[in-house]
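Read off the chains here:
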Amino acid sequence: GIGAFAINTDIACSWTATANCSFVTVSSNASGTGSGTITYNLQPNTASGSRTCTITAGGQTFTITQGGTCNYTISPASQIFSINGGTGTIAMSAGTNCTWTATANCSFVTINNPTGAGNGNITYSVQPNTGSNARTCTITVGGQTHTISQDGSTPCLVTISLTNQTYPVSGGQGSFQLSTTPNCF
């Protein structure tokens with residue numbers, strides 16, 4: 001691709017633009033006096049990883065970062081577990097030479113195969129939830145997020161203080177109380 005950036009300097013100051021890598025060439029205005037625009041050509045990146053190059057002009061540095069060919073997708077995006085826990089699988093789709101590392105942001109999930117390359121399955125184990133509250137965890141891999149939700153040991157119970165009431169034919173007002181176990185709603 002083609003890119004450009006401006007150089008601003010006094011009218012009498014001269015400069016020369018040079019790239020420090022082979023995949024970027026300064027295509028026009030490689031040198032000049034005073035302010036100007038430096039245009040460069042960037043070759044396609046066929047490697048899996050990103051790469052960086054700098055162009056120096058007038059003692060200033062312009063940095064170019066180019067992404068690699070790795071595109072990551074996962075499936076499914078989430079999974080729900082009972083209080084008993086269990087095992088889960090994330091299907092990873094990535095280019096052949098694209099490496100990945102999976103990390104969990106909680107202590108109750110263990111990733112069985114946290115690193116790999118290319119396509120594959122990531123398996124993990126969810127420990128039983130002995131607490132009363134539901135909990136969540138995320139596994140991040142290749143910039144994608146898989147969310148794990150796990151039920152708590154206390155089910156959500158709803159009770160009302162009054163199940164029926166009789167009114168005269170003329171009607172009237174009434175009320176009842178609604179109670180739930182903690183953290184239901």
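First, a word on what this report is: a plain description of the structure on this page. Nothing here was measured: the structure is a model prediction, and the numbers come from that model. Throughout this description, residue numbers start from 1 for each chain and increase along the sequence as written. Given that this is a predicted model, residues contribute local features only at a pLDDT of at least 70 and side-chain atom pairs are listed and counted only at 80 or more, while totals for whole chains, interfaces and linings are drawn from all residues. Note that water and hydrogens are dropped before the side-chain values are worked out from all heavy atoms of the structure.

**Some words on the state of the cysteines**
Here's step 1: In this description, a disulfide is simply a cysteine sulfur pair whose atoms lie within 2.5 Å. Here the structure, examined in full by the defined rule, presents three disulfides.
Here's step 2: Across the disulfide, Cys 21 is cross-linked to Cys 53 (sulfur-sulfur distance 2.0 Å). What sets the handedness of the Cys 21 and Cys 53 disulfide is the S-S torsion sign, and at about -95° it is left-handed. Placement of the pair is Cys 21 in the loop between strand E3 (18-19) and strand E4 (24-28) and Cys 53 in strand E7 (residues 51-57), with a sequence separation of 32 residues. The secondary structure listing takes helices from DSSP runs of H or I that are at least 4 residues long and strands from runs of E that are at least 2 residues long, numbered from the N terminus.

**Considerations on unusual backbone geometry**
Here's step 1: Residue Ser 75 is joined to Pro 76 through a cis peptide bond whose omega torsion reads -5°.
Here's step 2: Here Pro 76 shows up in the loop between strand E9 (73-75) and strand E10 (78-81).

**Re the environment of Gly 152**
Here's step 1: Turning to its location among the elements, Gly 152 is positioned in the loop between strand E18 (144-150) and strand E19 (158-160).
Here's step 2: It is 70 Å that separates the C-alpha atoms of Gly 152 and Thr 33, two residues lying 119 residues apart in sequence.
Here's step 3: Should any heavy atoms of two residues lie within 4.5 Å, those residues are considered in contact. With sequence-adjacent residues up to four places away left out, Gly 152 is seen in contact with Ile 83, Asn 129, Gly 131, Ser 132, Asn 133 and Ala 134.

**Remarks on the side chain of Gln 150**
Here's step 1: Secondary-structure assignment places Gln 150 in strand E18.
Here's step 2: A distance of 2.9 Å separates a polar side-chain atom of Gln 150 from the backbone oxygen of Gln 127.
Here's step 3: Separated by 2.8 Å, the side chains of Gln 150 and Arg 135 make a polar contact.
Here's step 4: Excluding its chain neighbours within four sequence positions, the residues that come into contact with Gln 150 are Phe 81, Ser 82, Ile 83, Asn 84, Gly 85, Phe 108, Val 126, Gln 127, Pro 128, Asn 129, Ala 134 and Arg 135. N or O atoms within 3.5 Å of each other form a polar contact, as long as, within protein, one can give a hydrogen and the other can take it, and as long as residues adjacent in sequence are counted only when both atoms are side-chain atoms.

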